[in-house]
Amino acid sequence: MTDHRRTLTLTAVLSALIVVSTVAAPMVSARPAHEIPVSEVSTADLAEPNADGWEEVPASDVPLASAPSSVPNADDTSVETVDVQAARTDERLYVRLEWHDATQDMNASATREFADAVAVQFPTNTSSRPPIAMGGPDNRVNVWYWSGATGTQELLAGGAGSTTAFENPTVQANASHSGTGGNATWTVVYSRQLDAPSENRTDLRTDGDLDVAFAVWNGSNGERSGQKAVSEWHYYPFSGGPQGPPYETLLWTVAGIAIVAVVGVTSFGIYRTRGAE
């Protein structure tokens, strides 16, 4: 192989590697694993679980695992995933949760009866991430809690065992159970105004990423209190801007094209110089 051909071959290989890395980098980083997309909508009628508008909102399958806890049978939980959707108007945030549950458990009055339940957790201070297990004394969490037996509650917690309920809940929730057997599902929609109604409530009118976590209880499996299926911290990407998608993909693409162009011009110069020799 002549020197000219070696130069051209090396240029082609190097250019191909740069193009591949240019495409692969934004694909990897543009949608982090724990990001849950939020649809920005001008108006919304999304308060009901079966509202038509939810068909246009992307969903994320969030994995759940038994919460670390010292309560009996803490590792015996049955719900493995929850389907999460989120939409935001200028005034409200809507969160829709759906998970499989063959039984509709609405009663917790008897000794061995427990109700199905679900919760969403946010930091009260959105600038830092609190401990996942109900926050901590220095960074508490807001919990939106719905139970088949008691309905909706809005809670404040600063660590396990410190949960207190707000006297005047500002969170609304609607729930429905549909289907039969293994295909049966619970669907719960929470909503709240973006502005924090009072102290110790999460301000949802933020331009930064908003941390969020989820928990589900299956009453027929004896799940209650610390015996629950929980997620890790995820986040709603309210930030955007020049460092996030789709800008990041564009910047990578422009950088890759520029590098390929420089390599091509340099190689062509070498080719002409050697040809002249």
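As a reminder, the structure under discussion sits directly above these lines.
Quantities reported herein were computed from a predicted structural model and do not represent experimental measurements.

What counts, and where the lines are drawn
- Residues numbered from 1 in each chain as written.
- Predicted model: local features only at pLDDT ≥ 70, side-chain atom pairs only at ≥ 80, totals over all residues.
- Heavy atoms only, no water.
- Core = buried A, V, L, I, M, F, W, Y, C linked by side-chain atoms within 4.5 Å.
- Buried < 20%, exposed > 50% of the residue type's maximum accessible area, 1.4 Å probe, protein only.
- Helix = DSSP H or I, 4+ residues; strand = E, 2+ residues; numbered from the N terminus.
- Contact = heavy atoms within 4.5 Å.
- Pairing = 2+ DSSP bridges.
- Salt bridge = Lys/Arg side-chain N within 4 Å of Asp/Glu carboxyl O.
- Polar contact = N/O pair within 3.5 Å; in protein donor to acceptor, adjacent residues only side chain to side chain.

Trainee: So what exactly am I meant to see when it comes to the nonpolar core here?
Mentor: Within soluble globular proteins, side chains that are nonpolar generally end up buried alongside one another. Ranked by size, the top nonpolar core spans 31 residues in total, and within it Leu97, Tyr190, Phe214 and Tyr236 carry the most contacts. For this core, the elements supplying multiple residues, two or more each, are β4 (81-88), β5 (92-100), β6 (117-123), β7 (141-147), β11 (185-193) and β12 (210-217). Setting aside residues no more than four positions away along its own chain, Leu97 makes contact with Val82, Asp83, Val84, Val118, Val120, Trp186, Thr187, Val188, Tyr190 and Phe214. By size, the runner-up hydrophobic cluster in this structure holds 14 residues, among which are Ala119, Leu155, Ala213 and Trp217.

Trainee: For this particular structure, what's the right way to read the pairing of strand β8 (residues 151-157)?
Mentor: Residues in a regular strand point their side chains to alternate faces of the sheet. Where β7 lies against β8, 7 bridges are found, and the strand directions are antiparallel. Its bridge partner being in β8, Asn142 is matched across the sheet by Leu156. The loop that links β7 with its antiparallel partner β8 comprises 3 residues. Strand direction decides the pairing type here: β8 and strand β9 (residues 164-165), joined by 2 bridges, are antiparallel. Each residue of the ladder has a partner; that of Leu155, found in β9, is Ala165. What sits between β8 and β9 in their antiparallel hairpin is a turn of 6 residues, with Gly159 showing a positive phi close to 125°.

Trainee: Which parts of the structure should I look at to understand the pattern of salt bridges?
Mentor: Pairing between side chains becomes possible if they bear opposite charge and their charged atoms approach one another. What the rule picks out here adds up to 6 salt bridges. The closest approach of N and O atoms between Glu40 and Arg88, which form a salt bridge, is 2.9 Å. Placement of the pair is Glu40 in strand β1 (residues 39-40) and Arg88 in strand β4, with a sequence separation of 48 residues. On the accessibility criterion, Glu40 (52% relative accessible area) is exposed. Between Arg96 and Glu98 there is a salt bridge, with its nearest N and O atoms 3.7 Å apart. Its relative accessible area of 24% is what places Glu98 among the partly exposed residues. What you see here is one network of salt bridges that share partners, running through Glu91, Asp195 and Arg205.

Trainee: Looking at this structure, how should I read the side chain of Ser191?
Mentor: Summarising the element assignment, Ser191 is placed in strand β11. One polar contact links Ser191 to Arg92, side chain to side chain, over a distance of 3.1 Å. Among residues more than four places away in sequence, those in contact with Ser191 are Arg92, Leu93, Tyr94, Thr170, Val171 and Gln172.

Just geometry here; none of it tells us what the structure is for.
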